[in-house]
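Listed below are the residues making up each chain.
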Amino acid sequence: MQRSTRMQPVLDQTQREEAAAREALAQAQQALTEAIQQVNDLEAYEQDYMSQMRNHSQSIRTASTYHSYHTFLTKLALAIRQQVGLVELREKQQAKCLLDWQASKSRLNNMESFIQRIRAEEDAAADKKLQQQLDEMSLQRFIARQRKPGRSS
């Protein structure tokens, strides 16, 4: 069995690892996008809520109503801070997945190059062997023609 053929399972495994790393990166990017969108949605909601509060400030007649608005805005600000923290975590996870994928892609490229070199060596060796066989057959024919009776040298 040729060496390049024996290396195929290693190449297959390297391809599977690269595909898994690529999928993990895609999932991390999707999670980051969703977390950023959530922050944007919360911030938009906060702006809208504060705008409504300003527009209805005349209708706020009691301290408890004002306190309720303020408490809600405080909770909303906390939710935004927590979501920003989640975005930062997702960014770190995405960066790690990117590094992992780049490393697995590099290993795959190296393995493919290595197998190509092996195949080129095998092809060169096969070509050389074939050429030697052809040379040997030509030499044998030449010698056989020289030995035929009735031929003068």
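The preceding data block contains the structure.
Worth saying up front: this structure is predicted, and the values here are computed from it rather than measured.

Q: Just to check I follow, could you spell out the overall build of the protein for this structure?
A: Counting its secondary structure elements, the protein contains three helices and zero strands. Reading the helices (α) and strands (β) of the protein from amino to carboxyl end gives α-α-α. Counting only C-alpha atoms, the protein reaches 130 × 20 × 15 Å along its principal axes. Partitioning the contacts of the protein with sequence separation of at least 6, the portion at a separation of at least 24 is 87%. About 11,500 Å² of surface is accessible on the protein, with carbon and sulfur atoms providing 53% of the total. Charge separation in the protein, taken as the distance between the mean sites of 22 positive and 19 negative side-chain charges, equals 10 Å.

Q: Is there a simple way to think about the environment of Asp-12 in this case?
A: Considering the arrangement of structural elements, one finds Asp-12 in helix α2 (residues 8-55). Expressed as a C-alpha distance, the spacing of Asp-12 and Leu-108, which sit 96 residues apart in the sequence, is 9.4 Å.

Q: In this structure, what is going on with the packing of aromatic side chains? I would like to understand it.
A: Centre distance and the angle of the planes are the two values used to describe a pair of aromatic rings. Summed over the entire model, instances satisfying the criterion amount to four aromatic pairs. Both rings, one in Tyr-45 and one in Phe-72, keep their centres 6.1 Å apart while their planes meet at 85 degrees; by these two values the pair is edge-to-face. Residue Tyr-45 is found in helix α2, and its partner Phe-72 is found in helix α3 (residues 63-147); the two are separated by 27 residues along the sequence. Using a relative accessible area of 30% as the deciding quantity, one classes Phe-72 as partly exposed.

Q: Can you walk me through the nonpolar core in this structure?
A: Nonpolar side chains tend toward joint burial in soluble globular proteins. In this structure, Met-7, Leu-11, Leu-108, Met-111, Ile-115 and Ile-118 together form the largest nonpolar core, which totals six residues. If one sorts the elements of this core by residue count, α3 sits on top with four residues. Here Ile-118 is in contact with Arg-3, Ser-4 and Met-7, once residues within four sequence places are set aside.

The rules we used
- Residues numbered from 1 in each chain as written.
- Predicted model: local features only at pLDDT ≥ 70, side-chain atom pairs only at ≥ 80, totals over all residues.
- Heavy atoms only, no water.
- Helix = DSSP H or I, 4+ residues; strand = E, 2+ residues; numbered from the N terminus.
- Contact = heavy atoms within 4.5 Å.
- Areas by Shrake-Rupley, 256 points an atom, 1.4 Å probe, with all protein chains shown as cover.
- Lys, Arg positive; Asp, Glu negative; His and termini not counted.
- Charge placed at Lys NZ, Arg CZ, Asp CG, Glu CD.
- Phe/Tyr/Trp six-rings, centres within 6.5 Å; stacked < 30°, edge-to-face > 60°.
- Buried < 20%, exposed > 50% of the residue type's maximum accessible area, 1.4 Å probe, protein only.
- Core = buried A, V, L, I, M, F, W, Y, C linked by side-chain atoms within 4.5 Å.

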